Amino acid sequence: MTTTATDPRTAMMTLLSPQGKRDPYPLYEALRAYGPLIPLGPGQLLVTGHAECARALREPALLSTDAAVQDAMMPGWRDHSSWRWLTKNMLFSDNPDHDRYRRFFGVAFTPRRIADLRPVVTERITALVDRLAALGADGSPVDFMAEFAFRVPMAVMGELLGIPEEEQPGFRGAIGAITTALEPIQDLEQLAPGDAAMDELAVHFTELVAERRARPGTDLVSELVRLRDGSGDLSEEELVANFMLLLVAGTEAPMDLIGNALRLAVEHPEHAGRLREDPSLAPGFVEETLRFDPAAQALNRMAARDFDFFGVPVTAGTKVTLLIAAGNRDPRQYADPGVFDPARQGNHALTLSGGAHYCLGAGLARMQAEIALPTVLRRLPGLALAGEPTFRDQLVQRGFGQLPVKCG
Ligand code: HEM
């Protein structure tokens, strides 16, 4: 798709259309022509620059969409259980709650704890690649998203959250529906699928917490229930809300990272070949996938007070949209930003956020993708696309709906 420079509002409207979500990158370039900071009328600011997004993520005057912010941005949200639960998790909180949540859950995602998971993650991935190979053995097309990209992170989160393997595929619908609540909406009714899914997951995790309290096991849920009951630092609802966040954040974006990485491997056989030969190249490949085709494309903030941002006066209440996927292709930051180059040094992609909300699962997401990709490429050297992929109608959490492949 080519896009001629248009006014920023039209470019934003196109970006939110199904066509724009399928291929947003030319629209980011059209927007970039207006500068790294684009005021969209009073009370709204778009950020397309890398340095500006990076600073915004670390700016204390810019708040995440917590309950008070939602009162200003989305009146009526309190009638919707998706956002009632979301605003009790760390991602959609600001201090002092955010620090409290992050301290509590941070213990589970230290580099040491993530490194300890490597053997089990490797084992799950090997089994899932074997399964994929078996599904495609007769040459029929297989949906890589449903049969592999989702199952890998779901197996990892299932291990942590004590979700038995046979129940794991059943969570995909609810997880996907909850991520749609993060998209820009015209009408609160669009939250209905997210509300229903959140209600379903809330019942599941409330029961799971009660069950682990009664019969503790060795999983993370048992450990965190025990910690909560000992410290009283968290309410029962906050515990459940953050377990739901872990499940959703821990599966949907890593699924898209694995799907996007596979598509890039298929499109760039020279890079895929090198990675197949030398799996130690995986971190560079994964980092460049995160930059080039990010699973999370935009983040929202709101100004808590008046302040000056790179010379632009921002007033309290301004809605600030960080187009991190545009920042990832900022020519002031990257040489040849439109080129997929897994050997790129000093990547600093914005995709896992930064500052206080820096992705808690970043190490875990990278580890899974770094193991999964070379394992697939080595086991299935003839893997190829078996049709056009479909995209979900989403931009904030952008990714394939289906990615049909032939296993060779
Ligand atoms: C490629 C995969 C992933 C991507 C692209 C991603 C992206 C992000 C982004 C952009 C944020 C911050 C949003 C903001 O600043 O407003 C975030 C936060 C978070 N992520 Fe991830 N994530 C990924 C994987 C994971 C995994 C595997 C987990 C869980 C194990 C996880 C758990 C979280 C949590 C709990 C937060 C909230 C942190 C906070 O608010 O302090 N994420 N992630």
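Along each chain, residues carry numbers from 1 onward, in the same order as the chain's sequence is written. In view of the model being predicted, local features appear only for residues whose pLDDT reaches at least 70, and side-chain atom pairs are presented and counted only at 80 or more, with totals across whole chains, interfaces and linings using the full set of residues. Note that water and hydrogens are dropped before the side-chain values are worked out from all heavy atoms of the structure.

Per an unreviewed UniProt entry, the protein chain goes by the name Cytochrome P450 and belongs to Streptomyces blastmyceticus.

> I'd love a proper account of the packing of aromatic side chains, names of residues and values included.
The relation between two aromatic rings is expressed through the spacing of the ring centres and the mutual angle of the planes. Only the six-membered ring of Trp is used, alongside the rings of Phe and Tyr, when aromatic pairs are assigned; centres must lie within 6.5 Å, and planes under 30 degrees apart are stacked while those over 60 apart are edge-to-face, with the rest tilted. On inspection of all chains with the given rule, the structure shows eleven aromatic pairs. Site record: aromatic cluster; members linked through ring pairs are Phe104, Phe105, Phe205 and Phe243. Across the ring face of Tyr25, the terminal group of Arg329 is positioned such that the distance to the ring centre comes to 3.8 Å. Sitting over the face of the ring of Phe292, Arg329 holds its NZ or CZ atom 4.0 Å from the ring centroid. The criterion is that NZ of a Lys, or CZ of an Arg, lies within 6 Å of the ring centre and within 35 degrees of the ring normal, and then a charge sits over that ring.

> Could you give an account of the packing of helix α15 (residues 236-267) against helix α19 (residues 362-379), naming the residues involved and the relevant values?
Think of each axis as a best-fit line through the C-alpha atoms, taken over the contacting stretch in the case of a helix, with angles from 0 to 180 degrees between the N-to-C directions. Each helix is a run of DSSP H or I of at least 4 residues and each strand a run of E of at least 2, with the numbering of both proceeding from the N terminus. As a packed pair, α15 and α19 sit with axes 10 Å apart at the nearest point and diverge in direction by 35 degrees. The element α15 and its partner α19 pack so that their crossing is right-handed. Where α15 abuts α19, its residues Pro254, Leu257, Ile258, Ala261, Leu262 and Ala265 lie against Ala365, Gln368, Ala369, Ala372, Leu373, Val376 and Leu377. Here a crossing is taken to be left-handed if its near helix is turned anticlockwise relative to the far helix by less than a right angle, and right-handed if that turn runs clockwise. By definition in these notes, contact holds between two residues if any of their heavy atoms fall within 4.5 Å.

> How would you sum up the pairing of strand β8 (residues 319-322)? Please name residues and give values.
What makes two strands pair is DSSP finding at least two bridges between them. Pairing of strand β2 (residues 44-47) with β8 involves four bridges; the strand directions are parallel. Bridging from a neighbouring strand, Leu45 pairs with Val320 of β8.

> So what about the packing of helix α9 (residues 118-135) against α19? Which residues, and what values?
Each pair of packed helices gets described by two things: the angle between the helix axes and the distance between those axes. Contact geometry for α9 and α19: axes closest at 10 Å, N-to-C directions at 35 degrees. By crossing handedness, the relation of α9 to α19 is classed as right-handed. Each of Arg118, Val121, Thr122, Ile125, Val129, Asp130 and Ala133 in α9 lies in contact with α19, whose residues at this interface are Met367, Gln368, Ile371, Ala372, Thr375, Val376 and Arg379. Three residue categories are used. Nonpolar comprises Ala, Val, Leu, Ile, Met, Phe, Trp, Tyr, Cys and Pro, charged comprises Asp, Glu, Lys and Arg, and polar comprises the others, including Gly. Among the residues making up the contact of α9 with α19, the classes are represented as eight nonpolar, three polar and three charged.

> Pulling in residues and values, what's your account of the coordination of the iron atom of the ligand?
Note on donors: an N, O or S atom is included if it sits within 2.8 Å of the metal, or within 3.2 Å for Na, K and Ca, and water is never included, so sites can look incomplete. If you check the protein contacts of the iron atom of the ligand, you find one donor only, Cys359 (SG), at 2.3 Å. Looking at the element boundaries, Cys359 is found in the loop between α18 (324-327) and α19.

> Residues and numbers for the side chain of Asp330, please.
The residue Asp330 is located in the loop between α18 and α19 in this model. Working definition: with a 1.4 Å probe on protein chains only, accessible area under 20% of the residue-type maximum means buried, over 50% means exposed, and in between means partly exposed. Classification of Asp330 by relative accessible area gives buried; the value is 3%. Apart from the residues within four sequence positions on either side, Asp330 is in contact with Arg32, Gly49, His50 and Pro337.

> Let's hear about empty space enclosed by the protein: which residues, and what values?
In this analysis, the protein atoms alone were mapped onto a 1 Å grid. Cavities are point sets where a 1.4 Å probe fits without being able to get out; pockets are open sets with protein on both sides within 12 Å along at least five of seven lines; lining residues have an atom within 4 Å of a point. Grid points are joined across faces, edges and corners, and a volume is the space filled by probe spheres set on the points. If you walk through the whole model with that rule in mind, you get one cavity of 30 Å³ or more. Taken as a whole, the largest cavity holds about 30 Å³ of empty space. Around the largest cavity, the lining residues are Leu117, Val120, Val121, Arg124, Val156 and Glu159. If you list the elements that add at least two residues to the lining of the largest cavity, you get α9 and α11 (151-161). At three residues, α9 tops the list of elements feeding residues into the lining of the largest cavity.

> Which residues make up the environment of Ala115, and what values go with them?
Within the element layout of this structure, Ala115 appears in helix α8 (residues 111-116). Separated by 249 residues in the primary sequence, Ala115 and Leu364 place their C-alpha atoms 8.5 Å from one another.

> Mind laying out the pattern of salt bridges, listing which residues take part and the relevant values?
The working definition used for a salt bridge is a side-chain nitrogen of Lys or Arg within 4 Å of a carboxyl oxygen of Asp or Glu. Counted by the stated rule, this structure contains 29 salt bridges. A salt bridge links Lys21 to Asp393, with the shortest nitrogen-to-oxygen separation between them at 3.0 Å. A residue pair is termed long-range when its members are at least 10 positions apart, and Lys21 in helix α2 (residues 18-22) and Asp393 in the loop between β10 (390-391) and β11 (400-402) qualify at 372 residues. The exposure class of Lys21 is buried, given its relative accessible area of 10%. Judged by its relative accessible area of 49%, Asp393 falls in the partly exposed class. Here Arg100 and Glu238 are joined by a salt bridge, their closest N and O atoms 3.0 Å apart. With Arg100 in helix α7 (residues 97-106) and Glu238 in helix α15, the pair connects residues that are 138 residues apart, well separated along the chain.

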